[in-house]
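# Close look at the chain arrangement
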Amino acid sequence: DVKVTQSSRYLVKRTGEKVFLECVQDMDHENMFWYRQDPGLGLRLIYFSYDVKMKEKGDIPEGYSVSREKKERFSLILESASTNQTSMYLCASSSREGRKDYEQYFGPGTRLTVT
Amino acid sequence: GQQVMQIPQYQHVQEGEDFTTYCNSSTTLSNIQWYKQRPGGHPVFLIQLVKSGEVKKQKRLTFQFGEAKKNSSLHITATQTTDVGTYFCAVSSNTGKLIFGQGTTLQVKP
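Notes on the structure in this doc start here. Computed from a predicted model, the values in this text were never measured in an experiment. (Residues numbered from 1 in each chain as written. Chains lettered and ligands numbered in written order. Predicted model: local features only at pLDDT ≥ 70, side-chain atom pairs only at ≥ 80, totals over all residues. Heavy atoms only, no water.)

Time to look at the overall build of chain A. A tally of regular secondary structure across chain A gives zero helices and 13 strands. Taking 2.2 N^0.38 as the reference for a compact globule, 115 residues should give roughly 13 Å; the C-alpha atoms of chain A span a radius of gyration of 13 Å, in line with that estimate. Projecting the C-alpha coordinates of chain A onto the three principal axes gives extents of approximately 40 × 25 × 25 Å. Across the 115 residues of chain A, 50% fall into the buried class. Taking all contacts inside chain A whose residues are at least 6 apart in sequence as the whole, residues at least 24 apart take part in 56%. Taken as two groups, the 18 positive and 17 negative side-chain charges of chain A have centres that lie 5 Å from each other. (Helix = DSSP H or I, 4+ residues; strand = E, 2+ residues; numbered from the N terminus. Rg over C-alpha atoms; globule rule 2.2 N^0.38 Å. Buried < 20%, exposed > 50% of the residue type's maximum accessible area, 1.4 Å probe, protein only. Contact = heavy atoms within 4.5 Å. Lys, Arg positive; Asp, Glu negative; His and termini not counted. Charge placed at Lys NZ, Arg CZ, Asp CG, Glu CD.)

Structure (structure tokens):
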């Protein structure tokens, strides 16, 4: 059974803290993605990765960085958390053949609150 | 960049009524995907449409891709309380990533 896991379901951090969100997939997928989801704004792409050690900026990368040292793991880093980064963070993965991308599988999400 | 508009944002229906959500793009799409997110859950893939004019059915759900491949719809016949959630369309950009519509949140009154 396909599985994407995220390190925490709920997280509370203080302003200025460095925050790590971890995502692991067991499907040997090439592509991995980080989204944030806010009411009325849908899913917004923060960063994505097509391969190990490779990363591409999404639509809202400011204030975030990522790391992909292993194929199955994609980490999202908030260098200095701010209250406007309070949100639901969703990780996803998908397979790829040539230029064709397949459906995305999502993790359960991490609800991050920054106080 | 490429955008996709999804309407309506919210829909409240009585159980048994039909429901439709629409996705529109100003550019021709290579394909379109549909996802469902239950309250408190994460998006789950429903289907992908690729061909012009394509129609696919999953039980009470009917998915359609427009002839010009610029729009798509998801229709639910005789809604049930289990249909509650947010439905997203998503389109592939020319860089391969998915662009999601803002979603339509469906509420069903029993």
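Further remarks concern the interface of chain A and chain B. Listed as interface residues are 21 residues of chain A and, on the opposing side, 17 residues of chain B. Roughly 1500 Å² of surface becomes buried between chain A and chain B when both sides are summed, with 51% attributable to carbon and sulfur atoms. Counting the surface chain A buries against chain B, the share from its top three residues, Leu-43, Glu-103 and Phe-106 of chain A, is 28%. Across the pair Asp-59 of chain A and Lys-97 of chain B runs a salt bridge whose closest N-O atoms are separated by 3.7 Å. (Buried area = accessible area lost by both parts, 1.4 Å probe. Salt bridge = Lys/Arg side-chain N within 4 Å of Asp/Glu carboxyl O.)

Our next topic: the sheet that holds strand S8 (residues 73–78) of chain A. Residues and elements named next belong to chain A. Judged by pairing direction, the sheet is antiparallel, and its four strands sit side by side in the order S1-S3-S8-S7 without closing on themselves. Two strands close off the open sheet at either side, each with one partner strand: strand S1 (4–6) and strand S7 (64–70). Strand-to-strand twist in this sheet, taken as the mean axis angle between neighbours without regard to direction, amounts to 20°. Pairing geometry for S1 and strand S3 (residues 19–25), over three bridges, is antiparallel. Looking at S3, one finds that Val-4 is bridged to Gln-25. (Pairing = 2+ DSSP bridges. Axes fitted to C-alpha atoms, helices over the stretch in contact; angles between N-to-C directions.)

All names here are of chain B. Pairing in this open sheet of five strands is antiparallel, and the strands run S1-S3-S8-S7-S6 from one edge to the other. Two strands bound the open sheet, and with one partner strand each, they are strand S1 (5–7) and strand S6 (55–58). Going from strand to strand, the sheet's axes swing by 15° on average, the running direction of each strand aside. Note: S1 against strand S3 (residues 19–24), three bridges, orientation antiparallel. For Ile-7, the partnering residue across the bridge sits in S3 and is Tyr-22.

This brings us to the packing of aromatic side chains. Per the counting criterion, the structure on display carries twelve aromatic pairs over all chains. Centroid distance Tyr-35 of chain B to Phe-45 of chain B: 5.7 Å. Interplanar angle 75°. Geometry classified as edge-to-face. With Tyr-35 of chain B in strand S4 (residues 32–37) and Phe-45 of chain B in strand S5 (residues 44–49), the pair connects residues that are ten residues apart, well separated along the chain. The buried category is assigned to Tyr-35 of chain B, whose relative accessible area is 0%. Connected via pairs of aromatic rings, a cluster forms that spans Phe-33, Tyr-35, Phe-48, Tyr-50 and Phe-106 of chain A together with Tyr-35, Phe-45, Phe-88 and Phe-100 of chain B. (Phe/Tyr/Trp six-rings, centres within 6.5 Å; stacked < 30°, edge-to-face > 60°.)

Bringing the side chain of Glu-54 of chain B into the picture now. Structurally, Glu-54 of chain B can be placed in the loop between S5 and S6. The residues touching Glu-54 of chain B, leaving out its near neighbours within four places in the chain, are Leu-49, Phe-63, Gln-64 and Phe-65 of chain B.

Turning next to the pairing of S7 of chain A. Residues and elements named next belong to chain A. In this structure, S7 lies alongside S8, joined through five bridges in antiparallel fashion. Counted as the bridge partner of Lys-70 is Arg-73 from S8. Between S7 and S8, which pair antiparallel and follow one another directly, the connecting turn spans two residues.

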